[in-house]
Amino acid sequence: MEQEGGNGRLFFRGLQNRSHEKMKLRKRKSTLYLSPPNSSERSGDLLGENIYLVLFTIALRICNCFLVQTSFVPDEYWQSLEVAHHMVFNYGYLTWEWTERLRGYTYPLIFASIYKILHLLGKDSVQLLIWIPRLAQALLSAVADIRLYSLMKQLENQQMAKWVFFCQLCSWFTWYCCTRTLTNTMETVLTIIALFYYPLEGSKSMNSVKYSSLVALAFIIRPTAVIPWIPLVFRHFWQEQKKLDLILYQFLPIGFITLSLSLIIDRVFFGQWTLVQYNFLKFNVLQNLGTFYGSHPWHWYFSQGFPAVLGTHLPFFIHGCFLAPKRYRILLVTVLWTLLVYSMLSHKEFRFIYPVLPFCMVFCGYSLNHLKTWKKPALSFLFLSNMFLAFYTGLVHQRGTLDVMTHIQELCYNNPNISSASVFIMMPCHSTPYYSHVHYPLPMRFLQCPPDLTGKSQYLDEADIFYLNPLNWLYREFHNDSTLPTHLIIFSILEEEISAFLISSSYERTAVFFHTHLPEGRTGSHIYVYERKLKRKLNRS
């Protein structure tokens, strides 16, 4: 009996142990299937975040889009919308970069797809052609903003993420650029989203395939996009235990697929096999021919470019660099590396360093999080100073070149004599958008400025020759009255110099548009539209 009782006790104890094991297994198993706090599967979530936060961000960027009514650089039209318009509607103008195959069709193809859909629906009005691409870019920028917030919430906490998010949203330069159809804007969007999947210490969303695919796509759109990722990819490779697998099964296949996609797209539109990424790097980096469009001293990014882009965030960025944990050093190294590499190129622009601006917001957020007494004044200062710059640059500075194209639109659609109309834009080349903002086959001309690709010394383009002596150039170019355009568009600074030609050719000023409070060089404060009054000339004769 004792043995049977002992066996019974052993039997029940075994069952008890087994039941404990089963319970533990069920507990572990159920934990795997429980949704994490930040999972996008929660009700009321979108992009893994609270739906109200996402909708707020989208609404803000849409407002951002409509509150940016100025021009920044020619590339936001001539390397995207103008190309897309030419692809879909078979008229327009392609700059020399396309004839020399320095640019790829991957990025313009996005907008060409939008244009084609609008055309098929019979909704290809000029206003939709202008605003729909920008709204699409605004939505992508909103997704990037959300991804930056989600990343910081994973790496730190919701409080820290909130301050980084605030810094990102109130950055004047981000507001100024993030809804423009620039390759730099798309590069920045892809960089932020790729960083969300990058294996940073503490990240819960790391995915090597996703981040490397996004980096590869950014490289196809703009080859210099690889510059900020060199230290990041090197760090990933250094810390990866299976280095060969990372190269053979991730980097190489992704690089091969994306580059093949780029080659096929460009083969379709160029009509021949072209590696535009090599041509781009050869022209801008190896041959350094970008200096044709201006050069700056080596220190320009450190002394002017970077401080201007950061604006009033600069002191908070410097403060945050001393406070941030060591795991964020790679982000600071990336910022400094990017500034150094671009400093070695003679041609420099503010927008080139835009992709590392969100990295800086991480350090600005750390600064705000550690402020105690001065937090409210700091927040007010950041918000008000950035909003002033954002609204001024978005609504006032350099708006004339867009306003004058609206005037040309009205000329096309409201003028009964449009069939005989023609326009000559006598301004620094590519100052205005072109057919993407008119959407009518109106004869138009502008001063050409292709760089010298033959190595000639003392090369002058058409715009340079014109500005050497505008009056003589006009008399030589239009020696026959029948070749005169019906409308001339000029900056106010040129009016006095060519006044004799305007009077003798019966041109009268019919419209004036404000452009900038800071005229310089060939750019004036206002834009004038002159129209040739043929009837008045005939009556006088």
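Residues numbered from 1 in each chain as written. Predicted model: local features only at pLDDT ≥ 70, side-chain atom pairs only at ≥ 80, totals over all residues. Heavy atoms only, no water.

Rule in force here: UniProt positions are given in the numbering used here, feature names are shortened, and annotations may be inferred rather than shown by experiment.
Looking at an unreviewed UniProt entry, one finds the chain named Mannosyltransferase and attributed to Puma concolor. What the UniProt record of the chain gives under Sequence similarities (unreviewed entry) is the line "Belongs to the glycosyltransferase 22 family." Per UniProt, the comment on the chain under Subcellular location (unreviewed entry) is "Endoplasmic reticulum membrane".

**Quick notes on the overall build of the chain**
Worth spelling out the cut-off: Working definition: helices are DSSP H or I runs of at least four residues, strands are E runs of at least two. Numbering for both runs from the N terminus. Note on classification: 1.4 Å probe, protein chains only; a residue is buried when its accessible area is under 20% of the maximum for its type, exposed when over 50%, partly exposed between these limits. By definition in these notes, contact holds between two residues if any of their heavy atoms fall within 4.5 Å. Surface accessibility follows the Shrake-Rupley procedure with a 1.4 Å probe radius. Residue values consider only the protein chains on display as shielding. The charge count treats Lys and Arg as positive and Asp and Glu as negative. His and the chain ends do not count. Here the site of a charge means atom NZ of a Lys, CZ of an Arg, CG of an Asp or CD of a Glu.
Scanning the chain for helices and strands turns up 24 helices and seven strands. With the C-alpha coordinates aligned to their principal axes, the bounding extent of the chain is approximately 135 × 60 × 50 Å. Within the chain, buried positions represent 51% of all 541 residues. Restricting the contact set of the chain to residue pairs at least 6 apart, pairs at least 24 apart contribute 73%. As displayed, the chain has an accessible area near 26600 Å², and 62% of this comes from carbon and sulfur atoms. With 48 positive and 34 negative side-chain charges, the chain shows a spacing of 10 Å between the two charge centroids.

**Re the pairing of strand β3 (residues 423–426)**
How we decide: By the convention used here, strands pair only if DSSP detects at least 2 bridges between them.
Burial along β3 is two-sided: Val423 and Ile425 and Phe424 and Met426, pointing in opposite directions, are all buried. As judged from the three bridges shared by β3 and strand β4 (residues 444–446), these two strands associate in the parallel manner. Counted as the bridge partner of Val423 is Met444 from β4. One ladder, built from four bridges, connects β3 with strand β5 (residues 487–491); its direction is parallel. The residue of β5 that forms the bridge with Met426 is Ile490.

**A word on the sheet that holds strand β7 (residues 526–532)**
Formally: Every axis in this analysis is a line fitted to C-alpha atoms, fitted for helices over the stretch in contact. Angles between the N-to-C directions lie between 0 and 180 degrees.
Reading across from one edge, β4-β3-β5-β7-β6 is the order of the five strands in this open sheet, with mixed pairing throughout. Both outer strands of the open sheet, β4 and β6 (507–514), are each paired with one neighbouring strand and no more. Neighbour to neighbour, the strand axes of the sheet diverge by 20° on average, direction disregarded. Pairing analysis gives seven bridges linking β6 to β7, with the strands arranged antiparallel. Considered in β7, the bridge of Phe514 is made with His526. Across the sheet, helix α20 (residues 400–414) lies against β3, β4, β5, β6 and β7, angled at about 130° from β6, the strand it touches most.

**Things to note about the pairing of β7**
With five of seven residues buried, β7 is to be regarded as a mostly interior element. Sheet topology note: the β5/β7 ladder contains five bridges and is antiparallel. Bridge pairing in β7 links Leu488 to Tyr530.

**Remarks on the confidence of the model for the chain**
Heads up, the rule is: The predictor rates its confidence in each residue with pLDDT, a number between 0 and 100.
With 90% of its residues at a pLDDT of at least 70, the chain reaches an overall mean of 90. Between the elements of the chain, mean pLDDT differs from a low of 43, seen in helix α1 (residues 2–33), to a high of 98, seen in helix α9 (residues 172–177). Taken as a whole, residues 1–43 scores under 50 in pLDDT and shows nine contacts with residues more than four places along the chain or in a different chain. Per-residue pLDDT stays below 50 along residues 537–541; that stretch engages in four contacts with residues further than four places along the chain or on separate chains.

**A look at helix α14 (residues 276–286)**
Stated precisely, the cut-off is as follows: Think of it as the arc spanned by the lines of direction from the helix axis to the C-beta atoms.
By the burial criterion, the buried members of α14 are Val276, Gln277, Asn279, Phe280 and Phe283. Along α14, the residues classed as buried sweep out an arc of 165° about the axis, all on the same side. Turning to α14, the residues buried within the fold contact α5 (96–99), α11 (208–221) and α13 (243–270). Backbone geometry just after α14 places Asn288 at a positive phi near 55°.

**A few points about the environment of Ser80**
This is how the line gets drawn: N or O atoms closer than or at 3.5 Å make up a polar contact, with two conditions inside protein: a donor-capable atom paired with an acceptor-capable one, and, for residues adjacent in sequence, both atoms drawn from side chains.
By secondary structure assignment, the location of Ser80 is in the loop between α3 (75–78) and α4 (81–89). What makes Ser80 buried here is its relative accessible area of 0%. Here the alpha-carbon distance between Ser80 and Ser213, two residues 133 residues apart in the chain, equals 22 Å. Not counting residues up to four positions away in its chain, the partners in contact with Ser80 are Asp75, Tyr107, Pro108, Phe111 and Thr181. From its side chain, Ser80 meets the backbone oxygen of Glu76 in a polar contact 2.8 Å long.

**Some thoughts on the pattern of salt bridges**
As a working rule, side chains carrying opposite charge can pair if their charged atoms are close by. Where we set the bar: Salt bridge, as used here: a side-chain nitrogen of Lys or Arg that lies within 4 Å of a carboxyl oxygen of Asp or Glu.
Throughout the structure, instances matching the rule amount to 16 salt bridges. In this structure, Arg103 and Glu97 form a salt bridge, with 3.5 Å as the shortest nitrogen-oxygen distance. The partner of Arg327 in a salt bridge is Glu156, with the nearest N and O atoms 2.4 Å apart. Taken as a pair, Arg327 in the loop between α16 (314–323) and α17 (329–343) and Glu156 in the loop between α7 (126–155) and α8 (158–169) lie far apart in primary sequence, 171 residues in all. Shared partners join several salt bridges into a network, and the residues in it are Asp75, Glu97, Arg103, Glu349 and Arg351.

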